[in-house]
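Structural overview
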Amino acid sequence: QVQLVESGGGLVQAGASLILSCAASGRTFSMDIMGWFRQAPEKERQFVAGIGWSGGTTYYADSVKGRFTISRDNAKNTVYLQMSSLKPEDTAVYYCAAVGWQGRIPTTASQYNYWGQGTQVTVSS
């Protein structure tokens, strides 16, 4: 089993920055790909960013490209999501997810095996 615990969410004003962290434990070999998703009220869970094991492969949703950066520290079993220039439409619960290597970074929630409990990010205008 893999356990994922997110932290770092909060309430910020538009234009601010925030860094989310996801600490992982358990079967770390099952976490070749780490991803961040978000879900706003009454909306489907949406892919935000993903990163491969080495950190050399990343992929972003168009809506966050240029504003968010995903990174990972395998020595600490932690993945980060650095968010800048936040907008009210970024408001959502942010989830960390993990899956073994797929050949590419999956962008749909159903393709990930492990999930954290989520952390709320609220951006006020």
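Here the structure is shown first, and the text comes after it.
Residues numbered from 1 in each chain as written. Predicted model: local features only at pLDDT ≥ 70, side-chain atom pairs only at ≥ 80, totals over all residues. Heavy atoms only, no water.

1. Regarding empty space enclosed by the protein
Across all of its chains, the model carries one cavity of 30 Å³ or more by this definition. The volume enclosed by the largest cavity comes to roughly 70 Å³. As for the largest cavity, its lining consists of Cys22, Ala24, Met31, Met34, Trp53, Arg72, Asp73, Asn74, Asn77, Thr78 and Val79. When residues of the lining of the largest cavity are traced back to their parent elements, those giving at least two are strand 3 (18–26), strand 7 (68–73) and strand 8 (78–83). Within the lining of the largest cavity, the residues separate by chemical class into six nonpolar, three polar and two charged. (1 Å grid on protein atoms, 1.4 Å probe; cavity = no way out; pocket = protein on both sides within 12 Å on 5 of 7 lines; lining within 4 Å. Points joined across faces, edges and corners; volume = space filled by probe spheres on them. Helix = DSSP H or I, 4+ residues; strand = E, 2+ residues; numbered from the N terminus. Nonpolar A, V, L, I, M, F, W, Y, C, P; charged D, E, K, R; others polar.)

2. Re the pairing of strand 9 (residues 92–99)
Successive side chains on a regular strand alternate, one facing one side of the sheet and the next facing the other. The element strand 9 is extensively covered by neighbouring structure, given that seven of its eight residues are classed as buried. Relative to strand 9, strand 4 (residues 33–39) runs antiparallel, the two being bridged by seven bridges. Pairing of isoleucine 33 across the sheet is with valine 99, part of strand 9. Examined bridge by bridge, strand 9 and strand 11 (residues 119–124) share three bridges and lie antiparallel to one another. Its bridge partner being in strand 11, alanine 92 is matched across the sheet by valine 121. Where strand 9 lies against strand 10 (residues 114–115), two bridges are found, and the strand directions are antiparallel. Paired with alanine 97 across the two strands is tryptophan 115, which belongs to strand 10. (Buried < 20%, exposed > 50% of the residue type's maximum accessible area, 1.4 Å probe, protein only. Pairing = 2+ DSSP bridges.)

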